[in-house]
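A look at the structure
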Amino acid sequence: MTVRDEVELENPQEPLDRVFRDLRTRREGLTAREAARRLLVYGPNELTRRRGGGWGRELLGQFTHPLALLLWLAAVLAAVSGSLALGLAIVAVIVLNAIFAFVQERQAERAVEALAVYLAAKSKVLRDGTRVLVEARELVPGDVLLLEEGDRVPADARLISGGVEVDLSTLTGESMPAYRAADLLDGTGPLLQARDLLFSGTSCTAGEARAVVFATGMHTELGRIAALSQRVGREESPLERQVKRVAWLIAAVAVGAGVAFLPIGALVAGLPLADAFNFAIGLLVANVPEGLLPTITLALAVGVRVLARGGAVVKRLSAVETLGSTAVICTDKTGTLTQNRMRVTDAWTCAGPVALDQPAAIPAVTRLAAAMAECNNADLDSGDPTEVALMRASGTLGVVVTPRERERHRLRQFHFDPALRLMSTVDTEGDRRVVNAKGGPEVVLSRATRILTPEGRSRALTEQDRADFIGITRGYAARGLRLLAIAGRELGDGEPVPARREDAERDLVLYGVVAMFDPPRPEVAGAVARCHTAGIRLIVVTGDHPLTATEIARQVGIAREDTTVLTGEQLEKLSEAELDRLLRAHRELIFARSSPEVKLRIADALRAEGNVVAMTGDGVNDAPALRRADIGVAMGVAGTDVAREASTMVLTDDNFATIVTAVQAGRQVFDNVRKFIVYIFAHAMPEVIPFLLFAISGGKIPLPLTVLQILAIDLGTETLPALALGREPAEPGLMDRPPRRRGENVIDAGMLGRAWGLLGVTSAVLVLGGFFFTLLSGGWRLGAPVEDGAALHHVWVQATTMTFLGIVACQIGTAFASRTQLASLRAIGPFSNRLLLWGIAFELAFAALVVTVPPLQYVFGTAVPSWQQLLILLPFPVVVWGLDELWRWSLRHRHARAAT
Ligand SMILES: Nc1ncnc2c1ncn2[C@@H]1O[C@H](COP(=O)(O)OP(=O)(O)OP(=O)(O)O)[C@@H](O)[C@H]1O
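Residues numbered from 1 in each chain as written. Predicted model: local features only at pLDDT ≥ 70, side-chain atom pairs only at ≥ 80, totals over all residues. Heavy atoms only, no water.

You'll find the protein entered in an unreviewed UniProt entry as Cation-transporting P-type ATPase, with Amycolatopsis cynarae given as the organism. Under the heading Sequence similarities (unreviewed entry), UniProt records this for the protein: "Belongs to the cation transport ATPase (P-type) (TC 3.A.3) family. Type IIA subfamily." (UniProt positions renumbered as here; feature names shortened; annotations may be inferred.)

**Remarks on the overall build of the protein**
Each helix and strand in the protein was counted, giving 35 helices and 24 strands. Principal-axis analysis of the C-alpha atoms gives the protein an extent of 120 × 75 × 45 Å. Counting only residues that meet the buried cut, the protein has 53% of its 900 residues in that class. A sequence separation of at least 24 residues applies to 73% of the contacts in the protein between residues at least 6 apart. For the protein, the exposed area adds up to about 38,700 Å²; of that, 60% sits on carbon and sulfur atoms. (Helix = DSSP H or I, 4+ residues; strand = E, 2+ residues; numbered from the N terminus. Buried < 20%, exposed > 50% of the residue type's maximum accessible area, 1.4 Å probe, protein only. Contact = heavy atoms within 4.5 Å. Areas by Shrake-Rupley, 256 points an atom, 1.4 Å probe, with all protein chains shown as cover.)

**Regarding the packing of helix α30 (residues 793-818) against helix α35 (residues 875-899)**
Remark: α30 packs on α35, axes separated minimally by 7 Å, with the N-to-C direction vectors making an angle of 30°. Taken together, α30 and α35 sit at an angle that is classed as roughly parallel. The crossing of α30 and α35 is right-handed. Judged by residue contacts, G806, A809, C810, I812, G813, T814, F816 and A817 of α30 engage F876, P877, V880, W881, D884 and R888 from α35. Residues of the contact of α30 with α35, tallied by class, amount to nine nonpolar, three polar and two charged. (Axes fitted to C-alpha atoms, helices over the stretch in contact; angles between N-to-C directions. Parallel < 35°, antiparallel > 145°, perpendicular 65-115°, else oblique. Left-handed = near helix turned anticlockwise from the far one by under 90°. Nonpolar A, V, L, I, M, F, W, Y, C, P; charged D, E, K, R; others polar.)

**As for the pattern of salt bridges**
Side chains that differ in sign of charge can pair as their charged atoms come close. In this structure the tally under the stated criterion is 43 salt bridges. In this structure, the salt-bridge partner of K124 is D151, at a minimum N-O distance of 3.0 Å. In this pair, K124 is assigned in strand β1 (residues 122-127) and D151 in the loop between β3 (144-148) and β4 (156-167), connecting sequence segments 27 residues apart. Judged by relative accessible area, K124 falls into the buried class, the value being 17%. The class of D151 is buried, set by a relative accessible area of 11%. Taking the shortest distance from any N to any O, the salt bridge between R628 and D604 comes out at 2.8 Å. (Salt bridge = Lys/Arg side-chain N within 4 Å of Asp/Glu carboxyl O.)

**Examining the site of the ligand**
Neighbouring the ligand are 19 residues; K333, T334, R482, L483 and D544 lie closest to it. In the model, an oxygen atom of the ligand is placed 2.7 Å from a nitrogen or oxygen of the T334 side chain. Here an oxygen atom of the ligand and a backbone polar atom of L483 are 2.7 Å apart. Considering the ligand on its own, with 620 Å² of exposed area, one finds that the protein chains cover 90% of that surface. Only β14 (432-439) and β17 (482-490) provide two or more residues apiece to the shell around the ligand. (Near = heavy atom within 4 Å. Polar contact = N/O pair within 3.5 Å; in protein donor to acceptor, adjacent residues only side chain to side chain.)

**Here's the deal with the nonpolar core**
One recurring pattern in soluble globular proteins: nonpolar side chains tend to sit buried together. One finds I90, I329, M649, F656, F676, I677 and F804 to be the most contacted residues of the largest nonpolar core, which totals 140 residues. At 16 residues, helix α25 (residues 656-682) tops the list of elements feeding residues into this core. Listed in part, the 27 residues of the second largest apolar core include A370, L390, V401 and M516. (Core = buried A, V, L, I, M, F, W, Y, C linked by side-chain atoms within 4.5 Å.)

**Points about the side chain of T762**
Assignment of secondary structure puts T762 in helix α29 (residues 749-777). On the basis of relative accessible area, T762 is assigned to the buried category, the value being 13%. Here L758 takes part through its backbone oxygen, which lies 2.4 Å from a polar atom of the side chain of T762. Those residues in contact with T762 that lie beyond four places of it in its chain are G757, V879, V880 and L883.

**Description of the packing of aromatic side chains**
Here the structure, examined in full by the defined rule, presents five aromatic pairs. Ring centres 6.3 Å apart and planes at 55° place the aromatic pair W348 and F469 in the tilted group. With W348 in strand β10 (residues 343-349) and F469 in helix α16 (residues 463-478), this residue pair connects regions lying 121 residues apart in the sequence. An identical accessibility class is assigned to W348 and F469; each is buried. Where F842 meets F846, the ring centres are 5.9 Å apart and the plane angle is 45°; that geometry is what we call tilted. (Phe/Tyr/Trp six-rings, centres within 6.5 Å; stacked < 30°, edge-to-face > 60°.)

Shown next as structure tokens:
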């Protein structure tokens, strides 16, 4: 690769032939081979990100966040107070935690970065003279881009032909779209304002154009800006914020408990001050939940990965939890509820129904077929599915127009405008010039003054014709068919080619109507049923005819006989208060013939009522509504770049059922976070209550658990089972309960009651039972000395070992109990979470090492228990799990009773 290989363009505004010469390219674009060579020279067309200090800094961050600093302080205090062993143990805890958190966060980051593959932008270019779709990162200077409405401009380019409206807000902050066209030469003023240039990062909101790329990647204007700005940090999700708050609260309680223990231990229980100090620190270290946050981040990242595999790519970790609380899904119809595979099934002209399986027999049908093919941008197998269907139907009717011929005929085009629901072209036809138009029947009818006779002439449109036409269209729509009226007119001799669409689309001759069937997706009915049981409301917002929309909605189970249907026009007449009332009064609604503004109004109104709203969209104009909804859902296949950018989630299969699966995955992640919080919190009671006994008894009862044993539990045996709970499969009934309210806390009173009260207290009672049994059967009586050298010292060591093992045993029961929030263990299968079984195996192995390996026995103050003692431990997990199982059983009964 040499610098000589690079083509240079000093002034992108020089005359076009010079631009082509300098970029060594042509109007037909580069050859594929030349493009591949240039890719090597220029590198990929992407912005290189400067990483925020690399992994060294990230790792350092794990040692210096506030909770870690608290632990450092504890380590220093322990060392200063004379317990170097404890100090070192705390440092070990900090190091282990930092590595653990670092690995988890890296994994989470990688999961999100991997999504870039799914979201890779594509661009249409000319290569070897033909139109191909390439990844935007493969663009090189000299490529000729084909741009249309909704496309993102992938590189800096000079316009060659056509014109587009562009949204420059990313570069200039200007919110009004600006018109850019090949013939608007303008060599003065700032580059970004040049009217014949397009810049990477902006997007086309209307029109169609060709442009030649002159800068890619970091050489673009956007690249220059990106090079200046640093990478933005990852946004914290509400769940993470909540958990952080809780972590701090618990840390504060832990510090408080530690500080309170100091006088109790020293004065009431008569411990030497240094020992009391160490216990206080131990208590603090054990209860600071420093590992909670990275575990949650990882759980969210795992959720993101699962979603992506299922066809839903979310752009932020936080979207996973928002998805889980989705209360309303506003969905469009075409392509989402239906397959977007259109087939023309019926057509009608003034002569009556058209036979669609044979060449046209009368002039009126030939005229209809010709207009269908001319006012069209698709070919037989690619393009907008509606237009593809029209091309196929006109072919069967014997009118074959190739795209090349169409281009030759075309004098002007007025794009399909979704708000108007109309498209038209001005074409030559022999020596005549004609307008061909197609669009929604009502719109076309309102612009028609004449009707085509069977012989292919026109006559004035009568009221009877209008009534007949409306009757025919209603009949088709009631069958769920999508409708397009076709019309046109001949331009008068002296009449110029209309420059504005209002001038073209007037005084039309109505040719007829075409009806097409777009079958519902087979999976949608099941997904709709899941939404119904999950308490998720469904609202269909479509551009289609009310009857068509209602019939399709009925076929997939959204609409019933009495479902309210409103058109965009009717909605416009409603005040905000009336709209709110309407939305409150109906669970299911259909908004037909709606516009993107309608979507925005609906999103706003629903959100104002406190609903978490998911909203689908695919067009440029949908972008505001997609941004406004809590979860904007864009279509990966049929959607525009602009919609994809404005959305939070992109569906790689455009399928409604995928949204519902994503909601389910979101609920599951949230649930799993709660599950491992229950598990982690439950051990607090069996750890703290023994200390309280010791303190309350004034030291007559010896300490049931040593500080290092606590650390071994919290930071050793429990880590893997907690992680495994984050991977629980979905609980039965997950989609049978109503959505979580916006902002509902991840940790609530019921959950704390269960973790601390039920699971925790049960464990504490059992554990203390094991401790006292060992002490008493070893000959200990209240107040008897157990310190090093005393006759009962070994009995006490055995007894603390029993407490340690007792907590481990109880936490096994807690792990199985925490697997469900309501369902029975049998319903999910005791062995369905393989990771948890491995986690428990690890837990047991770790505990076995701590009590059997002599150096570890020395460090942790343990002794090998006897067989009788081990036998006592056996029922512990079953009792803890069993009581929780009973509690869940009673809960289920209460719910069932409340439901009847
Ligand atoms: N390419 C087109 N040219 C002319 N008219 C069209 C074209 N596509 C659709 N229409 C008309 O516009 C109406 C609305 O179409 P649009 O594509 O906006 O909505 P939709 O895709 O059916 O709705 P949604 O995807 O929001 O459910 C159609 O019923 C049809 O009458």
